[in-house]
Amino acid sequence: MSHKLVVVWFVGGLLMLGGSLITGNLEMDIGVSSVSYYMALIAALILFLLGGLCWIAVAAAAKGHWKL
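The rules behind these values
Residues numbered from 1 in each chain as written. Predicted model: local features only at pLDDT ≥ 70, side-chain atom pairs only at ≥ 80, totals over all residues. Heavy atoms only, no water. Helix = DSSP H or I, 4+ residues; strand = E, 2+ residues; numbered from the N terminus. Rg over C-alpha atoms; globule rule 2.2 N^0.38 Å. Buried < 20%, exposed > 50% of the residue type's maximum accessible area, 1.4 Å probe, protein only. Contact = heavy atoms within 4.5 Å. Areas by Shrake-Rupley, 256 points an atom, 1.4 Å probe, with all protein chains shown as cover. Expected span 1.5 Å × (residues − 1). Arc of directions from axis to C-beta. Phe/Tyr/Trp six-rings, centres within 6.5 Å; stacked < 30°, edge-to-face > 60°.

Chemist: Describe the overall build of the protein, and please don't skip the residues or the numbers.
Modeler: Counting secondary structure elements, the protein contains two helices and zero strands. Against the globule reference of 11 Å for 68 residues, the protein gives a C-alpha radius of gyration of 15 Å, more extended than a compact globule. Principal axes of the C-alpha set define a box for the protein whose edges measure 50 × 15 × 10 Å. The buried share of the protein, taken over its 68 residues, is 19%. In the protein, once contacts between residues fewer than 6 apart in sequence are set aside, the share between residues at least 24 apart is 72%. Put simply, the protein shows about 5,000 Å² of open surface, and 74% of that area lies on carbon and sulfur atoms.

Shown next, in the form of structure tokens:
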């Protein structure tokens, strides 16, 4: 496995970590508007999707289907 694959794998993990940190602290509480709540939810979803894409890219490159 090349160094590029390891870096992309690590970046995917950091993106997943960021998404889980946002969702772990997400609460509809006093002082939180519904707009900011849903924006944080969408941001976490985008981070999860980008992290998943990084991991899929690493898996495809490790299998030899395409070069990263």
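Chemist: Can you break down the environment of Leu-53 residue by residue, with the values?
Modeler: By the secondary structure assignment, Leu-53 is in helix α2 (residues 34-63). Leu-53 gets classed as exposed once you look at its relative accessible area, which sits at 53%. On a C-alpha basis, the gap between Leu-53 and Val-32 in space is 31 Å, while along the polypeptide they are 21 residues apart.

Chemist: Explain helix α1 (residues 3-24) to me, and be specific about the residues and the numbers.
Modeler: Taking 1.5 Å as the rise per residue, α1 with 22 residues should run 32 Å; its terminal C-alpha atoms sit 31 Å apart, in good agreement. Listed in full, the buried residues belonging to α1 are Leu-5, Gly-12, Gly-18 and Gly-19. For α1, the arc enclosing every buried residue in end-on projection is 145°, short of the 170-degree limit, so these residues lie on one face. More than 90 degrees from the buried face of α1, the exposed residues found are His-3, Phe-10 and Gly-24. Against α2 lie the buried residues of α1.

Chemist: Could you give an account of the packing of aromatic side chains, with specific residues and numbers?
Modeler: All told, the structure shown has one aromatic pair when counted by the stated rule. Ring centres 5.4 Å apart and planes at 80° place the aromatic pair Tyr-37 and Tyr-38 in the edge-to-face group. The partly exposed category is assigned to Tyr-38, whose relative accessible area is 47%.

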